[in-house]
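# Chain and residue survey
Listed here are the chains, written in short residue letters.
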Amino acid sequence: MKKNFFERFSDRVVYITGSPGAFIGASLLVVIWAVCGPIFNYSETWQLVINTGTTIITFLMVFLIQKTQNKDSKAIQIKLNELIASYEKASNRLVDIEDLTEEELDQLHKYYEKLGKFSNESKPSSDSAGKQHRYK
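Summary of the structure given here. All figures in this text were calculated on a predicted structure; none of them were measured in a lab.

Another aspect to go through is the packing of helix α1 (residues 5-17) against helix α3 (residues 44-86). As a packed pair, α1 and α3 sit with axes 10 Å apart at the nearest point and diverge in direction by 105 degrees. In terms of orientation, α1 and α3 fall into the roughly perpendicular class. Residues Phe 6, Glu 7, Phe 9, Ser 10, Asp 11, Val 13, Val 14 and Thr 17 of α1 pack against Met 61, Leu 64, Ile 65, Lys 67, Thr 68 and Lys 71 of α3. Of the residues contributing to the contact of α1 with α3, the split by class is 7 nonpolar, 3 polar and 4 charged.

Encoded structure:
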């Protein structure tokens, strides 16, 4: 499977920035910046350095993280679709559920909550079944 440059780049950057070393490095940069405060008399330029740096990094990371999240989400959906398709008793109606609107998803959620409650009410609990069995 051949990945394009952006995909390889984003995978690598997200992997690196999610590492403990990246966190330690970022923390050290903040400490160094804070220690330099008295040297630069806590000037506006000194403050601008950290504000600009963090803003740019955050802005760029949002896109890389979102790309990775979209890819992971799509892979999970495909895996779930495969599981649904492979189980003969499963309903295939839910295979494309991610294409529904938020309101439609809310309706389905309520439906399955009611179905779950109905299912739990119609089954005797393990405690009550055990008690019934003991007293018979």
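Counted under the stated rule, the structure contains 3 salt bridges. Across the salt bridge formed by Lys 3 and Asp 11, the nearest N and O atoms sit 2.8 Å from each other. Among the charged side chains, a network of salt bridges with common partners joins Lys 3, Glu 7, Asp 11 and Lys 71.

Here Glu 7 lies in helix α1. Residue Glu 7 is classed as buried on the basis of its relative accessible area of 19%. At 3.5 Å, the side chain of Glu 7 forms a polar contact with the side chain of Lys 71. Sequence-distant contacts of Glu 7, that is, excluding residues within four places in its chain, are made with Lys 67 and Lys 71.

Counting through the fold element by element, Gln 77 comes out in helix α3. Under the relative-accessibility criterion, Gln 77 is labelled partly exposed at 23%. The spacing of Gln 77 and Val 95 is 18 residues in sequence and 8.5 Å in space, taken between C-alpha atoms.

As a further point, take the packing of aromatic side chains. By convention here, two paired aromatic rings are described through the distance between centres and the angle between planes. In total, this model carries 5 aromatic pairs according to the counting rule given. Aromatic side chains Trp 33 and Trp 46 sit 4.0 Å apart centroid to centroid with 5 degrees between the ring planes, which places their arrangement in the stacked category. Here the residue Trp 33 occupies a position in helix α2 (residues 20-35), and Trp 46 occupies one in helix α3, the gap between them amounting to 13 residues. Look at Trp 46 and you get buried, because its relative accessible area is 12%. Both rings, one in Phe 59 and one in Phe 63, keep their centres 5.1 Å apart while their planes meet at 80 degrees; by these two values the pair is edge-to-face.

A separate point is the layout of surface pockets. Approximately 250 Å³ is the volume found for the largest pocket. In terms of lining residues, the largest pocket is bounded by Ala 26, Leu 29, Val 30, Ile 32, Trp 33, Ile 50, Gly 53, Thr 54, Ile 57 and Thr 58. Contributions of two or more residues to the lining of the largest pocket are made by α2 and α3. Per-class residue counts for the lining of the largest pocket are 7 nonpolar, 3 polar and no charged.

With 13 residues, α1 should reach 18 Å at 1.5 Å per residue; the first-to-last C-alpha distance of 18 Å fits that figure. For α1, the set of buried residues is Glu 7, Ser 10 and Val 13. One side of α1 holds all its buried residues, which, seen down the axis, span an arc of 135 degrees. The exposed residues of α1 that point more than 90 degrees off its buried face are Phe 5 and Tyr 15. In this structure Asn 4 caps α1, since a side-chain oxygen of it lies 3.2 Å from the backbone nitrogen of Phe 6.

About the thresholds
- Residues numbered from 1 in each chain as written.
- Predicted model: local features only at pLDDT ≥ 70, side-chain atom pairs only at ≥ 80, totals over all residues.
- Heavy atoms only, no water.
- Axes fitted to C-alpha atoms, helices over the stretch in contact; angles between N-to-C directions.
- Helix = DSSP H or I, 4+ residues; strand = E, 2+ residues; numbered from the N terminus.
- Parallel < 35°, antiparallel > 145°, perpendicular 65-115°, else oblique.
- Contact = heavy atoms within 4.5 Å.
- Nonpolar A, V, L, I, M, F, W, Y, C, P; charged D, E, K, R; others polar.
- Salt bridge = Lys/Arg side-chain N within 4 Å of Asp/Glu carboxyl O.
- Buried < 20%, exposed > 50% of the residue type's maximum accessible area, 1.4 Å probe, protein only.
- Polar contact = N/O pair within 3.5 Å; in protein donor to acceptor, adjacent residues only side chain to side chain.
- Phe/Tyr/Trp six-rings, centres within 6.5 Å; stacked < 30°, edge-to-face > 60°.
- 1 Å grid on protein atoms, 1.4 Å probe; cavity = no way out; pocket = protein on both sides within 12 Å on 5 of 7 lines; lining within 4 Å.
- Points joined across faces, edges and corners; volume = space filled by probe spheres on them.
- Expected span 1.5 Å × (residues − 1).
- Arc of directions from axis to C-beta.

Keep in mind these numbers describe shape, not what the thing actually does.
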